[in-house]
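The chain contents come next:
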Amino acid sequence: MKDSLSTRKLIGNIASYAVLLALAFFFTFPLVFMFMTAFKNNDIGSDPEAPSEIQLMRDVNSASAFVPNNNMGVDQFKDVFGRFNEESGNTPFWRIFFNSSLVVAIIVILGLIVNSSFAYAIARMRFWGRSALITLVVSIIIVPFQAVAIPMLLLAYKLGLQNSYQGLIIPFIAHAFSVYLFYQFFVALPKELEEAAFVDGATRFRIYWNIVLPLSGPVFATVAVLQFLAQWGNLLWPVMTLQDPKLFTLPLAMQSFFGQAPRQWGDIMAFTVMATTPTLLLFLFFQRWFVRSAVSSGVKG
Amino acid sequence: MESKSAKQADNITAWLMSAPAVILLTIFLIVPFLMAFGLSFTNLKLNSPLPTQIVGFDNYLRIFSDETINFPRALLNNFLFALVVVPVQTSLALGMAILVNRKLPFINVFRTIYFVPVATVMVVVAVIWSLIYNSPDGLMNAFVSTVTFGAIKEVAWLDNPSTAFASIMLLSIWQGAGYQMLIFLAGLQGIPLELYEAADMDGATPWQQFVKVTLPQLRNTTIFVVITTTILSFQLFDQNWVMTRGGPQDSTTTMVVKMVEQGTGSLGWIGRASAISVVFFLIVFSISLIQRKLLPEERAVN
C-alpha cells in the first residue's frame, strides 16, 4: 500500500519534470535560435553563392538551428558595426545604443524622484487639494498611452519636442501607476520614525530624504524595473515622433534594419542579440526585482 | 497639535513636492486626453494649408464606413485576438503556475526560464519569430512538415492572410504567459494550506481540489489576469507593426496600427486618428469598469 503510494508519487514527479522540460524548451528555443544564428559566420545577403551562406539557411530549416556548426564566430557582429557607422552613411551602432540608454536612464531616474516625492506628499501630508490629487492619480491610471499618443504628437509639434531627445523623455517622466505603487508603499510604512523626526524639528523634505528613502529600496527597485522594461522596448512613440536616424532608439533602429530588403538574417540576429543582451543580463542579476515588479503590478489576493 | 504656520508650511512643501509630477501629468496626460475628444470633431491635418474646421461626427462616420481606412477590420482583429489569446494564455499560465508551485528540486530554475520571454523586448521577439516563420526555409515549416509527414510544407506564414494573424497570436502567447504565471503563482501561494488539508481529509481527488478549492480561491487573480490581458489585446501594436505592418490585406491590422497609419507620416490626419483614439479609449475604459465592478475596491482613498 505504502509502496504503491510512493511509486505513484515518483511517477507523478517524473511526469511533472517531463512537462516542465517541454515547457522550458518552448520558452527558450527562440532565444537559443537567435544566439546560434547570430554567431554563425555567414550571411545570406552578401553573396548568395557562397556555401557558408547556404549553410545558414539550411541550418534554419532543421534541428541544426540549435547547434553550432563548424564556422562559428563574430563576423555578423562585425557586419553590424560595419553597416552602422558614419562611413556607410548610417548612424553608428554605439550611437543607437547610447540613445536608448540615455533616454531610458533619464526617464527612470527623474521618474523615481518626481513620482516618489509626489506619492510621499499625498501619502503622508495633510494639505489642501490632497484628496483630489489622490482621486486624480487613481483615475488616470486607466488611461493608456495609446489613447493620448495622437494629441501628444500635435503637442510635441507645438512645444518643439518633435524629433528630439526631450520629446522622447519628458512625456514619460511622470507616471501615474508608479505614483500609485509608491503611494501604497508609503502609506503602509510605520509612522513613528517620521513623527519622532518631526518633533525634533526636521522639515518634511528632510524626513522624506533621510528617513523614508533609505527604507524604500524595494519599491524604488520595483518601479525602476517596470519603467526600464517598458521604456527600453518602447516602439510606438519613436515610430510616431522620430525622423532623424541619429536619434533612433534600439527598437526603432531594429525595426527599420529589419524592414530593409534583402533581409540579412545573420546580421539582423547579431543586432537583436546586442539589443536584448542588456535586458537579459539585468534580468538574471535582478531577477528578484523583476518578479516582484510583475507581481506588484498585479493584485494582492 | 500643529500650529497654523506649521500647517501652512506643510501646505507649501506638499505642493512643491507634488508640483513636478502634477504639472507633467497635466501637460502630457490630462491635456492630450481631453484634446483627443476635441480633435476628433475637427478635420485637423498636419502640414495642411487649409484652415481647421469643426466637422461634427464626420470622423467617426468616416472611420466606420470608409473602406479604404478599413477600421472595422482593425476592431474585429482586436476582438479576435482577445477572444483567442486571453483564454489560451490564461489557462496555459495557470497550468504553469500550478506546476512551478510544486515543491520539487530546481523548480526555481523553471520559474526563471518561463519568465525570460517577458524580459525580452517585443521588437526582438517579433524579429526572432519572423525568422522562425520564414518561408520556405524556416523552423516553423521544418517543424510542421515533420509532424505532418510532409503533408503541409512551405507555408508562407506571415505572407498569407489566413495564417498571419494566428502566427502573431502564437508568439504573443509565448511572450506573455510567463508574466501571468507569476501573478497566478502569487495567488496560489496566498491560498491557506488548511483548505487543501481539509479537502484531503474528505478524500477529495486532486481534480476535485482544483475545482473546489483552487479555482474559487483564485477568483480575483483570474479576473485581474483576464481583464489586463484583454486590455493589452486592444493595445496590440509592436509585433504587428514589425512583422507585417498590419498586412497582408489588413489581416493583422489593429486599432493602434490604424491610428499610427492615419495620424502620422505623410497622412497626418490628426482629427481622424483622434477619433480612433477615442474609440480605443472607450473600449479600454469599459473593460476597466468591468474590472472595478468585479473586484473588491482596493484603491480606496484612506
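What counts and what doesn't
Residue numbers here run from 1 along each chain, matching the order of that chain's written sequence. Each chain takes a letter, starting from A, and each ligand takes a number, starting from 1, following the order in which they are written. Residue-level local features of this predicted model are given only where pLDDT is at least 70; pairs of side-chain atoms are given and counted only at 80 or more, and the full residue set underlies all totals for whole chains, interfaces and linings. Secondary structure follows DSSP: runs of H or I at least 4 residues long count as helices, runs of E at least 2 residues long count as strands, and numbering of each begins at the N terminus. Between the two quantities, the radius of gyration covers C-alpha atoms and the globule rule is 2.2 Å times the number of residues to the power 0.38. Once C-beta atoms are placed from the backbone, any two residues with those atoms within 7 Å are in contact. For the exposure call, what matters is how many other C-beta atoms sit within 10 Å of a residue's own: 20 or more marks it buried, 12 or fewer exposed, and in between partly exposed, using C-beta atoms placed from the backbone. Amino acids are sorted into nonpolar (Ala, Val, Leu, Ile, Met, Phe, Trp, Tyr, Cys and Pro), charged (Asp, Glu, Lys and Arg) and polar (every other residue, Gly among them). Domain delimitation in this document rests on an assignment produced automatically or drawn from a domain database. The axes are straight lines fitted to the C-alpha atoms, using for helices just the contacting stretch, and the angles between their N-to-C directions are given from 0 to 180°. Oblique is the label for any angle not covered by the other classes, which are roughly parallel (under 35 degrees), roughly antiparallel (over 145) and roughly perpendicular (65 to 115). Rotating anticlockwise by less than a right angle from the far helix to the near helix defines a left-handed crossing, while the corresponding clockwise rotation defines a right-handed one.

Draft legend 1. Highlighting the overall build of chain B. In terms of helices and strands, chain B carries 13 helices and zero strands. Sequence-ordered secondary structure for chain B, helices as α and strands as β, is α-α-α-α-α-α-α-α-α-α-α-α-α. In terms of overall dimensions, chain B is more spread out than a globule: its C-alpha atoms have a radius of gyration of 25 Å, far above the 19 Å expected for 302 residues. Seen along its three principal axes, the alpha-carbon backbone of chain B occupies a region of about 80 × 75 × 30 Å. Partitioning the contacts of chain B with sequence separation of at least 6, the portion at a separation of at least 24 is 66%.

Draft legend 2. Local environment of the overall build of chain A. The secondary structure content of chain A amounts to 15 helices and zero strands. A compact globule built from 301 residues should have a C-alpha radius of gyration of about 19 Å, whereas chain A, at 25 Å, is more than 25% larger. Per-residue burial for chain A yields a buried fraction of 42% across its 301 residues.

Draft legend 3. View of the interface of chain A and chain B. In this assembly, 83 residues from chain A lie in contact with 81 residues from chain B. When grouped by side-chain class, the residues that make up the side of chain A that touches chain B number 61 nonpolar, 20 polar and two charged.

Draft legend 4. Summary view of the domain arrangement of chain A. Once the domains are mapped, chain A shows domain 1 (2-73) and domain 2 (93-296). Inter-centroid distance (C-alpha atoms) of domain 1 of chain A to domain 2 of chain A is 35 Å.

Draft legend 5. Structural view of the environment of Asn 41 of chain A. Residues and elements named next belong to chain A. In this structure, Asn 41 sits in the loop between α1 (2-38) and α2 (51-60). Note on Asn 41: 18 C-beta atoms within 10 Å, which makes it partly exposed. For Asn 41 and Ser 88, which are 47 residues apart along the polypeptide, the C-alpha to C-alpha distance reads 21 Å.

Draft legend 6. Spotlight on the domain arrangement of chain B. We note that the domain assignment places domain 1 (1-39) and domain 2 (42-294) within chain B. With centres defined by C-alpha atoms, the gap from domain 1 of chain B to domain 2 of chain B works out at 35 Å.

Draft legend 7. Expanded view of the packing of helix α6 (residues 145-159) of chain A against helix α13 (residues 270-294) of chain B. Direction vectors running N to C along α6 of chain A and α13 of chain B enclose 155°, while the axes themselves pass 7 Å from each other. Classified by the angle their axes make, α6 of chain A and α13 of chain B are roughly antiparallel. Crossing of α6 of chain A against α13 of chain B: the hand is left-handed. Across the interface between the two elements, Gln 146, Ala 147, Ile 150, Pro 151 and Leu 154 of chain A from α6 of chain A touch Ile 270, Ala 273, Ser 274, Ser 277, Phe 280, Phe 281 and Val 284 of chain B from α13 of chain B. In the contact of α6 of chain A with α13 of chain B, the residues fall into nine nonpolar, three polar and no charged.

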